[in-house]
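# Summary of the model geometry
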Amino acid sequence: MTLPTPELHTDRLRLRPFTDADAAPLYALQSNAHVLRYWDSPPWTEQANAQRFLATCRTIEREGSGARVAVERVSDGSFIGWCGLTGWNPDFRSASLGYVFEAAAWGHGYATETARAVLGWAFDALDLNRVQSETDTRNVASARVLEKLGFLREGTLREDCVVNGDVSDSWVFGLLRREWQATTDGTRENAALRP
């Protein structure tokens, strides 16, 4: 079963399927050691990594196991990162959320805005009951993004990653459908109360 990658829009962002034209900016993002300092794999060192990533995007879409979207800023059309929902299990109604953004995009709310749009699509289109995400315990900014979205920290995976010889722990976050609905209903109610 295929799972077509959605095109989603927010006030400031366009989330769309990846194209071959994204290979260069994707490589620039994923080869940046500063951006990936908390990622569970080392920065890319070969352009071929971008082609493999794009092929994987097509594969997960074809297999129906998830979707990855490129994120571009509406104001200038620039690629600023990506967000993915992978490991979709229709029997368990679960999936995993991940994202990477360029350093210049940090601190502007883009990750939260992007993930909120992807989660909205996923809970509706995939009838999810649970979304899980993991982040390095040193990555406090990413943990804040997940908490803003309503995720709860459920535990710590001790020394679960070793990247370039650096051992690290990860926090596991979970978001249940009923928690997402309570958060989005509250957002709608608060928006209705604004003058």
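Basis of the calculations
- Residues numbered from 1 in each chain as written.
- Predicted model: local features only at pLDDT ≥ 70, side-chain atom pairs only at ≥ 80, totals over all residues.
- Heavy atoms only, no water.
- Helix = DSSP H or I, 4+ residues; strand = E, 2+ residues; numbered from the N terminus.
- Rg over C-alpha atoms; globule rule 2.2 N^0.38 Å.
- Pairing = 2+ DSSP bridges.
- Phe/Tyr/Trp six-rings, centres within 6.5 Å; stacked < 30°, edge-to-face > 60°.
- Buried < 20%, exposed > 50% of the residue type's maximum accessible area, 1.4 Å probe, protein only.
- Arc of directions from axis to C-beta.
- Contact = heavy atoms within 4.5 Å.
- Core = buried A, V, L, I, M, F, W, Y, C linked by side-chain atoms within 4.5 Å.

## A look at the overall build of the chain
- When its secondary structure is counted, the chain shows five helices and eight strands.
- Helices and strands appear in the chain in the N-to-C order β-β-α-α-β-β-β-α-β-α-β-β-α.
- By the compact-globule yardstick of 16 Å for 195 residues, the chain fits well, its C-alpha radius of gyration being 16 Å.
- Along the three orthogonal principal directions, the C-alpha set of the chain runs to about 50 × 40 × 40 Å.

## Description of the pairing of strand 2 (residues 13-17)
- In terms of strand pairing, strand 1 (residues 8-9) meets strand 2 through two bridges, oriented antiparallel. Bridging across to strand 2, leucine 8 finds its partner in leucine 15.
- The sheet contact formed by strand 2 and strand 3 (residues 67-73) spans five bridges and is antiparallel. By the bridge assignment for strand 3, proline 17 is matched with valine 69.

## Comments concerning the packing of aromatic side chains
- Enumeration according to the criterion identifies seven aromatic pairs in this entry.
- Summarising the aromatic geometry, the rings of phenylalanine 18 and phenylalanine 53 are spaced 5.4 Å apart at their centres and angled 75° between planes, so their arrangement reads as edge-to-face. Placement of phenylalanine 18 in the loop between strand 2 and helix 1 (23-30) and of phenylalanine 53 in helix 2 (residues 48-63) is noted, with a sequence separation of 35 residues between them. Assigned by exposure class, phenylalanine 18 and phenylalanine 53 land together as buried.

## Section: the pairing of strand 3
- Most of strand 3 is tucked away, with seven of its seven residues classed as buried.
- Neither face of strand 3 is exposed, since Ala67, Val69, Val71 and Arg73 on one face and Arg68, Ala70 and Glu72 on the opposite face are all buried.
- Judged from the six bridges that link them, strand 3 and strand 4 (residues 79-89) form a sheet pairing that is antiparallel. Paired with valine 71 across the two strands is glycine 81, which belongs to strand 4.
- The antiparallel hairpin formed by strand 3 and strand 4 contains five residues in its connecting segment, where glycine 77 sits at a positive phi of about 70°.

## A word on helix 4 (residues 140-148)
- What helix 4 keeps buried is the set Ser142, Ala143, Val145 and Leu146. Buried positions in helix 4, seen along its axis, are confined to an arc of 155° and lie on one side of it.
- Looking at the packing, one finds that the buried side of helix 4 touches strand 5 (94-101), helix 3 (110-125), strand 6 (130-136) and strand 8 (166-176).
- A positive phi of about 100° marks glycine 150, the residue just after helix 4.

## Thoughts on the nonpolar core
- Core analysis: the largest hydrophobic core is formed by 37 residues, its most contacted members being Leu85, Leu97, Leu128 and Phe151.
- Elements represented by at least two residues in this core include exactly strand 2, strand 3, strand 4, strand 5, helix 3, helix 4 and strand 8.
- Ranked by residue count, the leading element in this core is helix 3, at nine residues.
- Discounting residues that sit within four places of it in the chain, leucine 97 has contacts with Cys83, Gly84, Leu85, Ala115, Val118, Val131, Gln132, Ser133, Leu146 and Phe151.

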